[in-house]
Amino acid sequence: MKILVTGAAGFIGSQLCERLLQTGNHHVIGIDGLINEKKIRLRNLTHLIEYDESRFQFYPINLLQADLNQLLQDVDVVYHLAGMPGVRSSWGNDFNFYVENNILATQKLLEACRGRSLKKFIYISTSSVYGEKKGRVPESSLPQPLSPYGVSKLTGEYLCKVYYKNEGIPIVILRYFTVYGPRQRPDMAFHRFIRKIMEGQPVPVYGDGKQTRDFTYISDCVEGTASVLEADHVIGETINIGGLERASVLDILSILKDLTGQPVQTVFAGEPKGEPKHTWADTRKAKKLLNYQPKVSLKTGLKHEIADLKLLYKEKVE
Ligand SMILES: NC(=O)c1ccc[n+]([C@@H]2O[C@H](COP(=O)([O-])OP(=O)(O)OC[C@H]3O[C@@H](n4cnc5c(N)ncnc54)[C@H](O)[C@@H]3O)[C@@H](O)[C@H]2O)c1
């Protein structure tokens with residue numbers, strides 16, 4: 001199959017491309033605007049650029065400026081991961097970046113897909129569309145985002161649905177729950193915690209640290225995402241991709257203390273804005289439609305992330 005992956009130099013996109021290339025005889029086209037953190041994004045591409053051009057091609061371009069008609073030629077499946085992630089930075093003037101990269105770029109891509117014989121258009125969304133919910137959250141739960149980021153990703157979902165209904169674009173929406181592991185973005189909590197611990201600095205903790213998240217290890221997330229390729233009965237569906245374990249921030253710091261063997265000092269960093277107290281995925285639909293079964297424990301996953309960050313900061317890639 002010929003597969004277009006947007007956001008191919010990102011934390012998740014780069015590992016999805018690797019997984020698609022390793023397990024199928026696919027031709028993958030990666031697009032990424034290398035929006036920020038350019039060195040880290042180029043590092044994410046290290047294994048991909050070893051592939052022959054007949055298997056992997058990379059275009060360092062912004063979707064908003066790209067000639068999408070050319071890039072979409074003969075493409076069977078689109079994985080749309082490109083976007084501006086992060087809840088905290090989505091307030092204020094920076095919301096412009098979220099509008100451009102999460103809303104306008106998605107609309108431009110959908111528009112370019114009109115009239116093509118695509119098999120699937122897979123839009124990557126987020127648990128942030130739900131807002132504050134109690135217990136395991138099913139896909140049918142009313143979306144009530146608490147942050148501008150969540151609003152921008154939900155708008156992307158609605159655009160997909162509009163193009164599905166009116167243009168027949170075969171969309172599938174995946175809602176990821178906090179993904180972690182090697183290559184995790186520097187703005188994400190585990191990355192920041194591990195870096196501070198390695199530097200012997202106090203770890204800033206937002207809120208009281210008792211907030212919990214459904215944490216999804218990268219290989220589980222990528223496995224679930226890749227499985228959409230071959231899955232039947234998924235067109236038009238929205239599917240949660242959650243992890244094996246939930247934990248609080250304080251639980252995570254305690255695991256990191258054990259794994260690093262270093263003391264962990266914390267410093268209160270104020271109340272977070274726009275973040276729910278708890279997230280918890282109901283993954284029964286993913287199990288039914290994708291045979292999705294997360295496998296990696298927090299302890300194992302964090303061990304891999306620590307090892308990757310040790311290498312990253314030894315290489316001084318920042
Ligand atoms: N990491 C998570 O825990 C998480 C959770 C829920 C949803 N998501 C979603 O998953 C996707 C990937 O997230 P990530 O953590 O890998 O982020 P990331 O920032 O590492 O990857 C996103 C990539 O998209 C690229 N990009 C952004 N706008 C672009 C544009 N207009 N044109 C071309 N490229 C563009 C960036 O350069 C970046 O490399 C995002 O859509 C995000 O909203 C991530």
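Bear in mind the structure is a predicted one, so any value in this text is a computation, not a measurement.

Caption draft 1: The arrangement of the overall build of the protein in detail. A count of helices and strands for the protein gives 10 helices and 12 strands. Relative to the compact-globule value of 20 Å for 318 residues, the protein shows a C-alpha radius of gyration of 19 Å, a close match. Along the longest, intermediate and shortest principal axes, the C-alpha atoms of the protein span 55 × 45 × 40 Å. The buried share of the protein, taken over its 318 residues, is 43%. For the protein, the share of sequence-separated contacts (at least 6 apart) that also reach a separation of at least 24 residues comes to 82%.

Caption draft 2: Molecular detail of the environment of alanine 105. Position of alanine 105 among the secondary structure elements: in helix 4 (residues 95–113). On a C-alpha basis, the gap between alanine 105 and alanine 82 in space is 8.4 Å, while along the polypeptide they are 23 residues apart. Not counting chain neighbours up to four residues away, the residues in contact with alanine 105 comprise Leu63, Leu64, Ala82 and Glu100.

Caption draft 3: Expanded view of the sheet that holds strand 7 (residues 179–180). Across the sheet, which stays open at both edges, the three strands sit in the order 7-9-11 with mixed pairing between neighbours. Each end of this open sheet is capped by a strand with a single partner; those strands are strand 7 and strand 11 (245–248). Of the strand pairs in this sheet, strand 7 and strand 9 (residues 212–217) are connected by two bridges, and their pairing is parallel. Bridging from a neighbouring strand, valine 179 pairs with threonine 216 of strand 9.

Caption draft 4: Examining the pairing of strand 3 (residues 56–59) more closely. In this sheet, strand 3 lies alongside strand 2 (residues 27–31) in parallel orientation, the contact comprising four bridges. Within the sheet, the bridge partner assigned to isoleucine 29 lies in strand 3 and is glutamine 57.

Caption draft 5: Region of the structure containing the nonpolar core. Ranked by size, the top nonpolar core spans 77 residues in total, and within it Val5 and Ile122 carry the most contacts. Setting aside residues up to four positions removed in sequence, valine 5 forms contacts with Gly13, Leu16, Cys17, Val28, Gly30, Tyr79 and Leu81.

Caption draft 6: Looking closely at the site of the ligand. Taken together, 30 residues sit near the ligand, with Gly7, Gly10, Gly33, Gly83 and Thr126 positioned nearest. Looking at the shell around the ligand, the elements with two or more residues in it are helix 1 (11–23), helix 4 and strand 5 (120–126). The element contributing the most residues to the shell around the ligand is helix 1, with three residues. Residue composition of the shell around the ligand, by class: 16 nonpolar, 10 polar and four charged.

Caption draft 7: Structural context of the sheet that holds strand 1 (residues 2–6). Strand order in this open sheet of seven strands is 3-2-1-4-5-6-10, and the pairing throughout is parallel. Because the sheet does not close on itself, it has two edges, and the strands there are strand 3 and strand 10 (238–241). On average, each strand axis in the sheet is tilted by 20 degrees relative to the strand beside it, whichever way the strands run. Direction of pairing for strand 1 relative to strand 4 (residues 77–80): parallel, over a ladder of four bridges. Among the inter-strand pairings, leucine 4 is bridged to a residue of strand 4, identified as valine 78.

Caption draft 8: Just helix 6 (residues 189–198), in detail. Within helix 6, the full set of buried residues consists of Phe190, Phe193, Ile194 and Ile197. Buried residues of helix 6 fall within an arc of 95 degrees about the axis and therefore sit on the same side. Two residues or fewer past helix 6, glycine 200 is found with a positive phi of approximately 70 degrees.

Caption draft 9: Looking closely at unusual backbone geometry. At leucine 34, a residue that is not glycine, the phi angle is positive and equals roughly 45 degrees. Its place among the elements puts leucine 34 in the loop between strand 2 and helix 2 (38–44). Notably, histidine 233 is not glycine yet its phi reads approximately 60 degrees, a positive angle. Note on histidine 233: 8 C-beta atoms within 10 Å, which makes it exposed.

Caption draft 10: Representation of helix 5 (residues 148–167) within the structure. Its 20 residues give helix 5 an end-to-end C-alpha distance of 28 Å, which sits within 8% of 28 Å, the value for a rise of 1.5 Å per residue. Listing the buried residues of helix 5 in full gives Pro148, Tyr149, Gly150, Val151, Ser152, Lys153, Leu154, Gly156, Leu159, Cys160 and Tyr163. Its buried side turned inward, helix 5 meets helix 4, strand 5 and strand 6 (171–176). In the segment just after helix 5, glycine 168 is the residue with positive phi, at about 70 degrees.

Caption draft 11: Representation of the packing of helix 6 against helix 10 (residues 298–315) within the structure. Closest axis-to-axis distance for the helix 6/helix 10 pair is 10 Å, and the angle between their directions is 60 degrees. For the element pair helix 6 / helix 10, the angle class is oblique. For the crossing formed where helix 6 meets helix 10, the hand is right-handed. Contacts from Phe190, His191, Ile194, Arg195 and Met198 of helix 6 reach helix 10 at Leu302, Glu305, Ile306, Leu309 and Tyr313.

Here is what the cut-offs are and how they apply
Residues numbered from 1 in each chain as written. Predicted model: local features only at pLDDT ≥ 70, side-chain atom pairs only at ≥ 80, totals over all residues. Helix = DSSP H or I, 4+ residues; strand = E, 2+ residues; numbered from the N terminus. Rg over C-alpha atoms; globule rule 2.2 N^0.38 Å. Buried ≥ 20, exposed ≤ 12 C-beta atoms within 10 Å, placed from the backbone. Contact = placed C-beta atoms within 7 Å. Pairing = 2+ DSSP bridges. Core = buried A, V, L, I, M, F, W, Y, C linked by C-beta atoms within 7 Å. Near = placed C-beta within 6 Å. Nonpolar A, V, L, I, M, F, W, Y, C, P; charged D, E, K, R; others polar. Axes fitted to C-alpha atoms, helices over the stretch in contact; angles between N-to-C directions. Arc of directions from axis to C-beta. Expected span 1.5 Å × (residues − 1). Parallel < 35°, antiparallel > 145°, perpendicular 65-115°, else oblique. Left-handed = near helix turned anticlockwise from the far one by under 90°.

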